[in-house]
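Below are the chains, spelled out letter by letter.
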Amino acid sequence: MLPAAAILEKSDVFREFKDALTENYVLCELLHSIEQASFFWRSGNIAEVDFVFQHGMDIVPVEVKSERNVKAKSLSEYRKKYAPRLAVKTTMQNVGGGDVRKMPLYLLWQLEKYLA
């Protein structure tokens, strides 16, 4: 059994596990809220965006963050290359608007409404 502190506290021991657990959670929420397949994007060894999905006429990249750190170099690279109208960054922070919409992990079930 994994103690909650392993996920909630900053710990280098569980960092990769926490990232993988968060990405799995986001994938499950994406599959439920957008009801279609999600993909990932990789640009050689330069950048990788966790998820990419179609929303209407838009291709929406999603960068998953399991901490309060909101730096997303890979998402920036994707946006430079493809200039999507919308992008989503999951975070432990509050909701934020603009071209890159910050979405708290606990609100991902409302993603479809948030993108409208």
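Cut-offs and rules
- Residues numbered from 1 in each chain as written.
- Predicted model: local features only at pLDDT ≥ 70, side-chain atom pairs only at ≥ 80, totals over all residues.
- Heavy atoms only, no water.
- Phe/Tyr/Trp six-rings, centres within 6.5 Å; stacked < 30°, edge-to-face > 60°.
- Helix = DSSP H or I, 4+ residues; strand = E, 2+ residues; numbered from the N terminus.
- Buried < 20%, exposed > 50% of the residue type's maximum accessible area, 1.4 Å probe, protein only.
- Lys NZ or Arg CZ within 6 Å of the ring centre and 35° of its normal.
- Arc of directions from axis to C-beta.
- Contact = heavy atoms within 4.5 Å.

K.L.:
What am I meant to see in the packing of aromatic side chains here?
P.N.:
The geometry of two aromatic rings is summed up by the distance between their centres and the angle between their planes. All told, the structure shown has 3 aromatic pairs when counted by the stated rule. Here the aromatic rings of Trp-41 and Tyr-82 are separated by 5.9 Å at their centres, their planes lie at 85°, and the arrangement is edge-to-face. Of this pair, Trp-41 sits in strand S1 (residues 39-43) while Tyr-82 sits in helix H3 (residues 73-82), and the two are 41 residues apart along the sequence. Residue Trp-41 is classed as buried on the basis of its relative accessible area of 11%. With a centroid separation of 4.9 Å and 45° between ring planes, the pair formed by Tyr-78 and Tyr-82 is classed as tilted. Taken as a pair, Tyr-78 and Tyr-82 lie in helix H3 at a separation of 4 residues, close to a single helical turn. Through successive ring pairs, a cluster of aromatic residues spans Trp-41, Tyr-78 and Tyr-82. The ring of Tyr-114 has Arg-101 sitting right over it, with the charged end atom 6.0 Å from the ring centre.

K.L.:
When you look at H3 in this model, what are you seeing that I'm missing?
P.N.:
Every buried residue belonging to H3 is among Ser-74, Leu-75 and Tyr-78, and all of these are buried. Along the long axis of H3, the arc covered by the buried residues comes to 100°, so they all point the same way. Residues Lys-73 and Lys-80 are exposed on H3 and point more than 90 degrees away from its buried face. Turning to H3, the residues buried within the fold contact S1, strand S2 (47-55), strand S3 (58-64), strand S4 (87-91) and strand S5 (100-104). Ala-83 occupies a position one or two residues after H3 and carries a positive phi of about 50°.

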